[in-house]
Every structure is written in structure tokens, then in C-alpha cells.
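# Inside the fold
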Amino acid sequence: MTQEAFLGVEHSARGQRWIARAFDERLQLVLMQKFDLPEALARALAARGVGLDEAEDFLSPRLRQALPDPSLLRDMDRATQRFVQALESGEKIAVYGDYDVDGATSSALLLRFARALGVTLRLYIPDRIKEGYGPHEAAMKTLTKEGVKLVVCVDCGTTSYQPLQAAREMGLDVIVIDHHAAAPLLPEVVAMVNPNRLDESEEARRLSSLAAVGVTYLFVVSVNRALRQKGFYTAQKPEPDLMQFLDLVALGTVCDVVSLTGLNRVFVAQGLKVMQARSNQGLAALSQVVGAKPVMDAFTAGFILGPRINAGGRIGQADWGARLLVSEDEQEVMELAEKLHALNDMRRAMEAQALAEVENLIVDEQSPLIFLARAHWHPGVIGIVASRLKDKFHRPAIVIALEGEVGKGSGRSIGAVDLGAAVMAARQQGLLINGGGHKMAAGLTVEKDKLEALNAFLQERVGKVLEAEPFVPALNMDGLVASSALTSAFVERLEALAPFGAGNPEPRFALADCKILRAAVVKEKHVSLTVSQGGARLSGIAFRAMENNLGAFLLGQVGKSCHLAGTLRREVWQGRERVQLFVEDAAV
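Let me begin by describing the structure that accompanies this report. (Residues numbered from 1 in each chain as written. Predicted model: local features only at pLDDT ≥ 70, side-chain atom pairs only at ≥ 80, totals over all residues. Heavy atoms only, no water.)

### So, the overall build of the protein chain
Using the following cut-off: To qualify as a helix, a DSSP run of H or I must reach at least 4 residues; to qualify as a strand, a run of E must reach at least 2; elements of each kind are numbered from the N terminus. It is over C-alpha atoms that the radius of gyration is taken, and the globule rule equals 2.2 Å times the number of residues to the power 0.38. To sort residues, take the accessible area from a 1.4 Å probe on protein chains only and compare it with the maximum for the residue type: under 20% means buried, over 50% means exposed, and anything in between is partly exposed. By definition, residues are in contact when any of their heavy atoms lie within 4.5 Å.
When helices and strands are tallied, the protein chain shows 20 helices and 17 strands. By the compact-globule yardstick of 25 Å for 588 residues, the protein chain fits well, its C-alpha radius of gyration being 24 Å. Referenced to the eigenvectors of the C-alpha coordinate spread, the extents of the protein chain come out at roughly 75 × 60 × 50 Å. Out of the 588 residues in the protein chain, the part that is buried amounts to 55%. Excluding contacts between residues fewer than 6 apart, the proportion of contacts in the protein chain whose partners are at least 24 apart in sequence is 64%.

### A short note on the packing of aromatic side chains
Defined as follows: Pairing of aromatic rings covers Phe, Tyr and the six-membered ring of Trp, with a centre-to-centre limit of 6.5 Å; geometry is then stacked below 30 degrees between planes, edge-to-face above 60, and tilted otherwise. We count a charge as sitting over a ring when the NZ of a lysine or the CZ of an arginine lies within 6 Å of the ring centre and within 35 degrees of the ring normal.
The final tally for this structure, using the stated rule, is 7 aromatic pairs. Centroid distance Y96 to Y124: 5.1 Å. Interplanar angle 10 degrees. Geometry classified as stacked. Of this pair, Y96 sits in strand 2 (residues 92-97) while Y124 is found in strand 3 (residues 122-124), placing the two residues 28 residues apart along the sequence. Judged by relative accessible area, which is 12%, Y124 ranks as buried. Across from the ring centre of F232, 4.2 Å away, lies the NZ or CZ of K237, which sits over that ring. For R569, the ring lying beneath its charged end belongs to F299, and the centroid distance is 6.0 Å.

### Looking at a negative patch on the surface
Filter applied, for reference: Any residue with relative accessible area above 30% and no salt bridge may belong to a patch, with like charges joined within 9 Å and the nonpolar Val, Leu, Ile, Met, Phe, Trp and Tyr side chains within 5 Å. Every accessible area reported is derived by Shrake-Rupley at a probe size of 1.4 Å, with residue values counting cover from the shown protein chains alone. Salt bridges are defined by distance alone: a side-chain nitrogen of Lys or Arg within 4 Å of a carboxyl oxygen of Asp or Glu. The convention is simple: Lys and Arg are positive, Asp and Glu are negative, and His and the chain ends are not counted. Every charge is mapped to an atom, namely NZ of Lys, CZ of Arg, CG of Asp or CD of Glu.
A cluster of like negative charges, contributed by D329, E330, E335 and E338, occupies part of the molecular surface. For D329, the position within the fold is in the loop between helix 14 (320-326) and helix 15 (330-359).

### A closer look at the pattern of salt bridges
Taken as a whole, this structure holds 30 salt bridges when the rule is applied. Across the pair D478 and R48 runs a salt bridge, and its minimum N-O distance is 2.9 Å. Of this pair, D478 sits in the loop between strand 12 (474-477) and helix 19 (488-494) while R48 sits in the loop between helix 2 (39-47) and helix 3 (55-59), and the two are 430 residues apart along the sequence. The exposure class assigned to R48 is buried, which follows from its relative accessible area of 16%. A salt bridge links R347 to E351; the shortest N-O distance between them is 2.6 Å. Here R347 pairs with E351, and both are found in helix 15, just 4 residues apart, close to one helical turn. Each member of the pair, R347 as well as E351, carries the same accessibility label: buried. Each of D75, R78, R197 and D199 takes part in salt bridges that share partners, so that together they form one network.

### As for a nonpolar patch on the surface
Together, V521, M546 and L555 make up an exposed nonpolar region whose accessible area comes to about 210 Å². Following the sequence through the fold, L555 ends up in helix 20 (residues 549-556). Residue L555 is classed as partly exposed on the basis of its relative accessible area of 31%.

### Re the nonpolar core
Among soluble globular proteins, nonpolar side chains are generally buried collectively. For clarity, the threshold we go by: We define the nonpolar core as a collection of buried residues of types Ala, Val, Leu, Ile, Met, Phe, Trp, Tyr and Cys that are connected through side-chain atoms lying within 4.5 Å of one another.
If you look at the biggest cluster of nonpolar residues, it comprises 85 residues, and the most contacted ones within it are F83, V152, Y217, L251, M275 and I309. No other element matches the 10 residues that helix 9 (residues 212-229) contributes to this core. In contact with M275, other than residues within four places in its own chain, are D247, A250, L251, L283, M296, A301 and L305. With 41 residues, the next largest nonpolar core counts A46, V481, L494 and L568 among its residues.

### Describing unusual backbone geometry
For the bond from A498 to P499, the omega torsion is 5 degrees, close enough to zero to count as cis. Looking at the secondary structure, you find P499 in the loop between helix 19 and strand 13 (509-522). In this structure, D75 takes a positive phi of about 70 degrees despite not being glycine. By secondary structure assignment, the location of D75 is in the loop between helix 4 (63-66) and helix 5 (76-89). By relative accessible area, which is 18% here, D75 ends up buried. Phi is positive for H394, close to 55 degrees, though the residue is something other than glycine.

### Section: the sheet that holds strand 14 (residues 526-533)
Worth spelling out the cut-off: Here, a strand pair is defined by DSSP locating no fewer than two bridges between the strands. Between N-to-C directions, angles span 0 to 180 degrees; the directions come from axes that are lines fitted to C-alpha atoms, helices contributing only their stretch in contact.
Here we have 5 strands rolled up into a closed barrel, ordered 13-14-15-17-16, and mixed in their pairing. The mean inter-strand angle of the sheet, taken between neighbouring strand axes irrespective of direction, is 45 degrees. Where strand 16 (residues 561-573) and strand 17 (residues 576-587) come together, 11 bridges link them in antiparallel fashion. Paired with L564 across the strands is A586, a residue of strand 17. Relative to strand 17, helix 20 is tilted by about 110 degrees, and along the sheet it contacts strand 13, strand 14, strand 15 (536-542), strand 16 and strand 17.

### Brief notes about helix 18 (residues 451-468)
Selection rule: An expected span of 1.5 Å times one less than the residue number is assigned to each helix. Note that the arc is computed from the directions linking the helix axis to the C-beta atoms.
When the terminal C-alpha atoms of helix 18 are compared, their 26 Å separation across 18 residues agrees well with the 26 Å that a helix rising 1.5 Å per residue should span. Buried within helix 18 we find L451, L454, L458, Q459, V462, G463 and L466. Seen along its axis, helix 18 keeps its buried residues to an arc of 150 degrees; they face one direction. Of the exposed residues in helix 18, the ones pointing more than 90 degrees away from its buried face are K464, E467 and A468. Packing partners of the buried residues in helix 18 comprise strand 7 (370-374), strand 8 (397-403), helix 17 (419-428) and strand 11 (441-447).

### Considerations on the sheet that holds strand 7
The sheet built from 5 strands is open, its strands ordered 7-8-9-11-10 with mixed pairing. Because the sheet does not close on itself, it has two edges, and the strands there are strand 7 and strand 10 (434-437). Mean inter-strand twist for the sheet, computed between neighbouring axes without regard to direction, equals 15 degrees. Relative to strand 8, strand 7 is paired through 5 bridges, and the arrangement is parallel. Counterpart to I370 in the pairing with strand 8 is A397. Strands strand 7, strand 8 and strand 9 (406-412) of the sheet are contacted by helix 16 (residues 382-393), whose axis makes an angle of about 45 degrees with strand 9.

### Remarks on the environment of A520
Mapping A520 onto the fold places it in strand 13. Taking the C-alpha atoms as reference points, A520 and L554, separated by 34 residues in sequence, lie 9.0 Å from one another. Beyond its immediate chain neighbours, meaning those up to four positions away, A520 contacts H526, V527, S528 and L555.

### Some thoughts on the side chain of D319
Tracing the sequence through the fold places D319 in the loop between helix 13 (298-315) and helix 14. Sequence-distant contacts of D319, defined by excluding residues within four places in its chain, comprise L123 and I125.

### Thoughts on the pairing of strand 17
Both strand 15 and strand 17 contribute to a ladder of 3 bridges, which runs parallel. Looking at strand 17, one finds that G540 is bridged to L581. Hairpin geometry of strand 16 and strand 17 is characterised by an intervening segment of 2 residues between the two adjacent antiparallel strands and by a positive phi of about 50 degrees at Q574.

The following block contains the structure:
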């Protein structure tokens, strides 16, 4: 039976059906009584599946209670033993990371931990354009010539069969620390630490939502424990405090858009506190350059700092992001922060140009998958283009940038469609040079003459999934509130649910029958609002509303009443704190 639409909204300004999040009313009541919670907060907890036994840890996440034994993961002990052996014998070790934020933070975590031990590791981040994703044979040759004996691949390597086979033949030992989807066959390496291995135990699979930096942190914990047991630490060489690295773990976890539940939630909650202290010189410099607000939250990490660290890997020098996070040189970090900030502006301009072109393309709106390939798009910006197409057409999207006879692609998915698995299947069919990813995002490399066959394969596979489970754009609601009840104290209590992100969405509420007193376009794409309801006034902002139907709807409703949906924030305005509604949707 189809759930009744919330407030009767079947088709909103953004084409979405409003749905109330399901929750256990008895659990809500018990949570209210036991923890003295407001009704809205208890309902939000119950709707997120937080039971009575988990509520205390959810509201006060602590690493000591949540951190598992790293040995739970297959090959962790083997990886630890080989890494410790290399440290003790003075072997040259290289860290080979991906060029995104998860890869940069994973790499920086290992380098900073090793530095605390008095060891310098070699950093290698491949160039997105020239080298592509993951380890490759030429890089392995370079590292071998430099005298490297052990390579630790972070956030990559799970499906890099040929390059890692070549590395083995060169005499290189390789440890893979990753989280990407794995195939039944794994590369022949010293150790493959990945909670998404198909042969992992059921208990270890509970860690499958970890970002690579989370898995890397468990590896660091394991190595640190092994060194302690060996008597490595002395009064002259004290054991490092691993809590100091949680800012990197939080940043990579948020930016990789993994589920902020379980251990991930603890990593981010504690890591944001470390980030707040700005002890990492690179993050401090970047925060200064971008004018980040004093209080660090998941939004700042994911939408302010993350894109700039990503910018080097997208359109600049691939290792700039990792170097920023590793360096302790005041001048170097400031120079890198400024370069990354400038690159991010360039990236945004390139994305805007590609998006403007996409608007004029004729897209088959009936196809299960949006599939586009163009010769002049930059590989560093196609991910955001795919994301916008996915949001606009409510279907998975893959965008490919062609250069000569080869294309680099990026995809974003919806609902039940596991895009990473679909790309892996295409690779196994011989349609790709390389490819893999997660359920909601994937990357690939394809020969130009196989584009048609690849498109047909993916359309059929995605079509079957959507036929069995049609995707209906929906906006999940946590309840109905009156503007008169929206006080700073109320919003402060809701902030106990933070950090917000995938798997733990920020509470979204509806305000019914609001009269729009004023609506104005701000900076060409946002809409600022003043609304009244029951005699109370409330300010609001609808970010990027002019890029979709919401903007025109709000401007056309001035003097009229409508339902509004969005999240709530505390803002300081003219020295006074107030509550502002971040409008995400509206409906008559």
C-alpha cells in the first residue's frame, strides 16, 4: 500500500512527493521520557532507527566504545606485520593514494603517523589526466628505481590486477587499504585490507560503509598496537596520540559521502572537534584563505574545505591536496591553500560552462540511464555534471570526457541502482579498460569504439533494476512545525543529532500555510524569503533555487500562501541570534 503523501503534496515545485519518515511512536515516547527530549528530536531519532540502547551513544558518540579490533578485518594482521617489518629494517616505503579527498586524507594520515615515528614515507598521487585512477605499471617502475621496497595503496588497488602483478614481478611488496567494491578474484598482493571483500566475515562487513581513510585509521591503530607490544616506544620516543589524526578521518569520511552512522558517525563527531582546534597547519591555512566560519561542522568540511582539496586532483597538480594536509611549513601550506582556492574557482567556471552546454543537449528522458560522451569536457568536472543530470532527471547518469580514442567517465546513481556493481559487471564483460566504485558513484575508462556497446549494456542492466523497483522522487519529512515554535533553543536541541550527512540526514520539517511576504533573488541563483505564519515571522533562504523550478515558484507566490519544507539553522544577524529556514522545496 502506497504511503499517504505528507500534507497531501504529491507533486511539489521540484517535482517531488513529500513523505513522512516512518517511526515507532512507542519508541519516540520512551526516548522523550528517558532522555528528556523534545518531541521533534525523539521522533527524528526513532525515524533514524536509533533504539533505546543506542540512543546514549548516538547523542554522545565516543571512540573508545565504537572502535573495533582492527584484526577483525582480513589481512589486517598480515599488513601490519609487513609494515612494521619495513619500519624496523629501514626499508623505503611509498604511499600510493587516489587524487580525491578520501585518497588525500588517507595518504596524509599514513605520512603524518610515520612522521610521528621519525620515519619519512614517499608520497605518490597519480595525475588524473595522464595516469588515471589507481596504480599503474609505469608508476611501479618509477618507485622501484627509487629503491622503494613496500608500496601501500590507499583508496585504490582492489581491482588493479595487471599493475599489481607487474609490481610483484618487479620485486615490490604491495599492501592495499581500500573500501571499493571487490570482485571474487583479488590481485596477488601481500595484504588486501578492505571491508568490502566478498570473503569478509559478517562481522567485518558491518564496517563496509567506512571510507578508505576510516580503514586506514584502523590500520594505523593496528600498527601502533604492534609497535607498542614490541617495545618500540620509550621515554625518548613516546607513543603518538592517534586522536590528533581524527581531523583527517572526519574530512575524508564526510567528503566521500559515506553513511554517517556507526563508526563513521563517531569518527566525524570526534574529528570535527580536532578540526576545530586547527592543529593541522594545512587545514588551518585553507580555513583562513576561504574565510571558513569559526565553528567546524560537516557542511564546512564537505562543501567548503573538501572541494578545494579536491581541486588539485581535478584540474591542477594531483598531490597538492595531500601535501597541504601533510606539510608543517607555514609558507608552503599558505601557498598551497591559495593555489587550491584559485583552482577551485577555475573548476567552478569549467563546471558552469559544461552545465550550460548540458542544458541545451537533447536527452532521452525515457531511457533508464543518462549516458553522455563529449570530446571537449575536462575529466575533472564531469562528476558534478553527472550529479546535476541525476538530480534533474531522477535517473542514474554517466558522463564521459573523450580524449582521442579513450574516454574517462564519472557516474552518479539513485535509489536501488548499484552503479558501482554495474560498472564492475561491464568491466568483466570486456567493455572497459578500468572501472569500479560504490553503489551511488562510479568511475570508468573506456575505449571510444566500445561506447555504444557499453551504453547498451548499462541501459539494459539499469533498466531491469528500475523496472523491478521504479524510482519516485521523494522528499522525506521529519514532521510539521509552527514558525512560532522555532526558537534558538529548539534548534540547539536538534543539533544533538549532528554530524549530518548520508545515512543521518539533517532533520527536515514542513511549515504549513505560510504567507510569503517577500522573495528576492540573491547573487543571481539564490532566493531570500520572509514568511509569516500565525502572526510569527521567519526569514528563509533557498540556495540555488533559480537553477530549478523552486525559484520561479517562490517568486510567483509573493502575497500568497504555500507549504515550505527545509532545515533549520541558528544564524547571527546584526549581533542577535535568530532561526533561519533553509528552504529545499515548496508546494501549493
